[in-house]
Every structure is written in structure tokens, then in C-alpha cells.
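Breakdown of the fold
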Amino acid sequence: TSDSSRTQFLPMSLLNILQYPDPRLRTKAVPITLYDDKLHQLAENMLETMYAAPGIGLAATQVDVHVRLVVVDVSQAKNEPHVLVNPTLVLHGDAFEAEEGCLSVPGFYEVLHRAERISVHALTTRGEKQVFEAEGLLAVCIQHECDHLDGKLFVDYLSGLKRNRIRKKLLKQQKQSA
């Protein structure tokens, strides 16, 4: 979606981002079947939350809404948002290494292997079809966010030892801030 299509008349609000190892992050999201102002507002709130975090992608699962919706914007100016409803991906080409982080796993970055190019098939919040090709950082970000919709986090690609170390550090931080 472009900025010109963004809803201006509804108040926006920041959403709470769940943090690993919260078990709600493992919930598999359900397909969206109702395309209404509530869905559009959720997408707008997710974009506002993502920009404020700051991040480049956010899945509805991360804000404890378990529907198949992701928002991404990898542009430097933060003015090229993609809102993807019920996305499906076709992976192309070779895998390449990219460093990933996650708003639900704050402060940790690891190198993972992802498809360098993807075809994205999704709907808009108004139920209109959108199909496009993505590569590089945009492709990585979309793959990462779509994993969230299936209850998968980037730490799942790591060794058990690394995953457990990250889990323990985050739990300690969460206890200290509580």
C-alpha cells in the first residue's frame, strides 16, 4: 500500500510486541476471510508499531493477533510499506547468507540462509490480489515474517545450544525489567 491509501480518520496505536520465549509466538495463524476497516486498522497499527520499534517487518502473530497478516518496509525513508494478507511464497534461486534479527528476539542477530528471490502472492486489506517479485533484503524480510505466521522464529534455525543461550538471556532481561 502507499501512504496515500493510508487511513487518516482512525486513531492509530502502538501494539505490544510479544517476546521470545512467549508461547503465543508459536501459534499458527489462521487465514483472513473478512476484509473490513478493522483489518485495515490492524495493518496501520502494525506499521506504526514496526516503525516505532524500530523494525523492518512485523507479523500479526508478534502482536498476539493470530491471523495471516504481515507488514514490511525495508526502504531507507520508511515510505514503501507492503501489507500482505494471506501471503504465500514461491522461493527462487540459490540460498544466500543474511544476518537477521527479530523484534520478538531483541538484541540478537544471527546469519541464516534464505532464498535470494521470491514470488509473493497475497491480498490487500481490501481483498485485492497482489503478486510481485522480491529479492535481497525485502525477500529475506518477507520470508522471516511469513515464518512467524506458522509459529516459527529465526532462533529455530539455530543450534539448540545457541537457541537456549538466547532464551536464558531474554528470560533474565524480562525478569529484571518486571
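Within every chain, residues take consecutive numbers counted from 1 along the sequence as written. In keeping with the model being predicted, local features are shown solely for residues with a pLDDT of at least 70 and side-chain atom pairs are shown and tallied solely at 80 or more, while totals for entire chains, interfaces and linings include all residues. Side-chain metrics rest on all non-hydrogen atoms present in the structure, leaving aside hydrogens and water.

**Description of the layout of surface pockets**
Applied cut-off: Two kinds of site are reported from a 1 Å grid over the protein atoms alone, namely cavities, where a 1.4 Å probe fits but cannot get out, and pockets, open sets with protein on both sides within 12 Å along at least five of seven lines, and residues are called lining when an atom falls within 4 Å of a point. Grid points are joined across faces, edges and corners, and a volume is the space filled by probe spheres set on the points. Comment: elements are numbered from the N terminus, with helices defined as DSSP H or I runs of at least four residues and strands as E runs of at least two. Under this grouping Gly is polar, as are all residues other than the nonpolar Ala, Val, Leu, Ile, Met, Phe, Trp, Tyr, Cys and Pro and the charged Asp, Glu, Lys and Arg.
Here the largest pocket defines a volume of roughly 360 Å³. Considering the residues around the largest pocket, the lining is formed by 20 residues, among which Ile-56, Glu-100, Gly-101, Cys-102 and Tyr-109 are closest to the centre. Elements that contribute at least two residues to the lining of the largest pocket include exactly β3 (82–102), β4 (105–123) and α2 (136–149). Across the lining of the largest pocket, the residue classes tally to 11 nonpolar, six polar and three charged. Approximately 170 Å³ is the volume attributed to the second largest pocket. Here the lining of the second largest pocket is composed, by residue class, of seven nonpolar, one polar and two charged.

**What about the nonpolar core?**
What counts here: What is meant by a nonpolar core is a set of buried Ala, Val, Leu, Ile, Met, Phe, Trp, Tyr and Cys residues, joined one to another through side-chain atoms within 4.5 Å. Exposed residues in this analysis have more than 50% of their type's maximum accessible area, buried residues have under 20%, and partly exposed residues fall in between, with area computed by a 1.4 Å probe over protein chains only. Any two residues whose heavy atoms approach within 4.5 Å at even a single point are treated as in contact.
Ranked by internal contacts, the top residues of the largest apolar core, which has 17 residues, are Leu-84, Ile-118, Val-120, Phe-132, Ala-134, Leu-138 and Ile-142. Among the elements of the structure, β2 (69–72), β4, β5 (129–135) and α2 are those that each provide at least two residues to this core. Per element, the largest residue contribution to this core is six residues, and it comes from α2. Each residue touching Val-120, except ones within four places of it in the same chain, is listed here: Leu-84, Thr-88, Leu-89, Gln-130, Val-131, Phe-132 and Ile-142.

**Description of the confidence of the model for the protein**
Put simply, the rule reads: The quantity called pLDDT is the predictor's confidence in a given residue, expressed from 0 to 100.
Confidence in the prediction for the protein averages 93 pLDDT; 94% of positions are at 70 or higher. In this model, residues 1–9 is a region of pLDDT below 50 whose contacts with residues beyond four sequence positions or in other chains number 13 contacts.

**What about the environment of Cys-146?**
Turning to its location among the elements, Cys-146 is positioned in helix α2. A residue is classified by how much of its surface remains accessible, and Cys-146, at 8% relative accessible area, is buried. Each C-alpha atom of the pair Cys-146 and Val-131 lies 15 Å from the other, and the pair is 15 residues apart in sequence. Those residues in contact with Cys-146, other than ones at most four positions away along the chain, are Val-70, Pro-87 and Leu-89.

**Concerning helix α1 (residues 37–52)**
This is how it is decided: To estimate how far a helix should reach, multiply one less than its number of residues by 1.5 Å. The term polar contact refers here to a pair of N or O atoms within 3.5 Å; inside protein, the definition further demands a hydrogen-donor-capable atom paired with an acceptor-capable atom, and it admits residues adjacent in sequence only when both atoms are side-chain atoms.
Under the 1.5 Å per step criterion, the end-to-end length of α1 is 22 Å for 16 residues, consistent within 8% with the ideal 22 Å. Inspection of α1 places Leu-39, His-40, Gln-41, Leu-42, Ala-43, Glu-44, Asn-45, Met-46, Leu-47, Thr-49 and Met-50 among the buried residues, and these make up the whole buried set. For α1, the secondary structure elements touched by its buried residues are β1 (57–59), β2 and β3. For α1, the N-terminal capping position is held by Asp-36, with its side-chain oxygen 3.2 Å away from the main-chain nitrogen of Lys-38.

**Considering unusual backbone geometry**
Backbone torsion omega between Tyr-20 and Pro-21 reads 10°, so that peptide bond is classified as cis. Here Pro-21 lies in the segment before α1. The peptide bond linking Ala-53 to Pro-54 adopts the cis configuration, its omega dihedral lying at -10°. Along the chain, Pro-54 turns up in the loop between α1 and β1. Phi is positive for Lys-78, close to 55°, though the residue is something other than glycine. Along the polypeptide, Lys-78 turns up in the loop between β2 and β3. In this structure, Asn-86 is a non-glycine residue whose phi angle is positive, near 50°. Locating Asn-86 in the fold gives a position in strand β3.

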